[in-house]
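Per-entry structural report
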Amino acid sequence: MPRARTGETKSGGRGRSLAQVYRRFGEGEGAKTSPLYGRIAVALSESAEALDVIESAPARKRQPAIVLAALHNLVLAGEALALARAFAVASDAATREAGLDRIGAAAVEAVVGNAGAVLGRVHARKVRPDEGGRHAVLYPSIGEVARRVGAGSVGLIDVGRSAGLNLTVDQVGIAYGNGQSLGDPASAVQVAASVVGDGQLPPVVIPEVVARVAVGEDLVDVTDAEEVRWLRACVPPDQIERLARLEAELELAAGRPPALVPGEVVDVLPEAIAKVPDGVLPVVMTTWALSNLDLEGRLRFLQRLDEAATKRPVAWVSVEGVGVAPGIPTYGDRRASGHSIIGVSVFDHSSFHATAVGRCWLRGELLTWLAEP
């Protein structure tokens, strides 16, 4: 059996040994979210050889999430056949326990035997743990703001979501816990959300989408096989439903790939809006993206929207933490209250009309619609 590693490292800035970091992940977060990853992390914590490989990466690249994603990527690329077989056994309900018993050894073998490939991925990539679209909160909001403006067509601009999967919102089906449904019931992407309170979602339809634009500093080309494989790799292989939904969303996105406008959001937003043809309502979407900007950056973001509205209306749909989106009412809620505010805004010739239409929790899986019909 490999000897346990006891040497100290400053991984994560905590002064704990790398072995402790992996064991605590495996027995804590990993065990809760992915039993397969939990077992792998514990096995890596017990292998001096595997830890030597991981420790040769920069300190900020040694964390379990990125190493586990690199291992999953190896499997998807066909470069770790023994680990792939172990993944398959552990992900099958009928053989899960037997698979989990052997998965650790297979993972250690993959790290040690494919050290260069693992480190190459760890160096070149970043973890993208939650790339799915926020359709349940975006669909009624986009439909509502288009109705208010009287728009017959829209151009969607997704800010800060690297794969731009919010841009498929008009092509999905959504079932709400109050019995309402929106979107396409025949779509390969079907999502669900719970609804609290008595407010009814507006029975709207998103107009024709004639432009799709993704904006951000680290965008993913959904037609690039290697980029897409990494997105898949960031989802644990035993999260079957999540992987299936991501696969379906990526297929939708690849069918109508967005225009990519890379760069710092505030700087390139005018370029992104300009990609929406004249006579079409640009709808800028931010879903927990503005928290990456400081207050000055958020105000400049608002200014960019205002500047773009000198010749035509520009809409903004925001799903942000309480008080994060400038100008969006908060219902008097306190900051850091654990939920987010859904806002719809229209900029038109130096006027700014902002409305809060609801609250949501759990990244949009639970919401309440508060706007009047």
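Shown above is the structure to which this text applies.
Residues numbered from 1 in each chain as written. Predicted model: local features only at pLDDT ≥ 70, side-chain atom pairs only at ≥ 80, totals over all residues. Heavy atoms only, no water.

Under the criterion given, the structure shown has two aromatic pairs. Measuring from centroid to centroid gives 4.6 Å for Phe 347 and Phe 352, while their planes differ by 20°, and the two rings are stacked. (Phe/Tyr/Trp six-rings, centres within 6.5 Å; stacked < 30°, edge-to-face > 60°.)

Here the focus is the side chain of Arg 359. Tracing the backbone shows Arg 359 in strand β10 (residues 351-361). A polar atom in the side chain of Arg 359 sits 2.7 Å from the side chain of Asp 333. Ignoring sequence-local partners within four residues, the contact set of Arg 359 consists of Tyr 331, Asp 333, His 339, Ser 340, Ile 341, Ile 342, Leu 366, Leu 367, Thr 368 and Leu 370. (Helix = DSSP H or I, 4+ residues; strand = E, 2+ residues; numbered from the N terminus. Polar contact = N/O pair within 3.5 Å; in protein donor to acceptor, adjacent residues only side chain to side chain. Contact = heavy atoms within 4.5 Å.)

In the structure shown here, the tally under the stated rule is 15 salt bridges. Arg 121 is paired through a salt bridge with Glu 79; the nearest N and O atoms lie 2.8 Å apart. Here Glu 79 lies in the loop between α5 (64-76) and α6 (81-91) and Arg 121 lies in helix α8 (residues 115-124), a separation of 42 residues in the sequence. Judged by its relative accessible area of 37%, Glu 79 is partly exposed. In this structure, the salt-bridge partner of Glu 144 is Arg 148, at a minimum N-O distance of 2.9 Å. Of the two residues, Glu 144 and Arg 148 both sit in helix α9 (residues 135-149), four residues apart, roughly one turn of that helix. Given a relative accessible area of 5%, Glu 144 falls into the buried group. Exposure remark for Arg 148: the relative accessible area of 36% places this residue in the partly exposed category. In the salt-bridge network here, residues are joined through shared partners; they are Arg 23, Glu 27 and Glu 46. (Salt bridge = Lys/Arg side-chain N within 4 Å of Asp/Glu carboxyl O. Buried < 20%, exposed > 50% of the residue type's maximum accessible area, 1.4 Å probe, protein only.)

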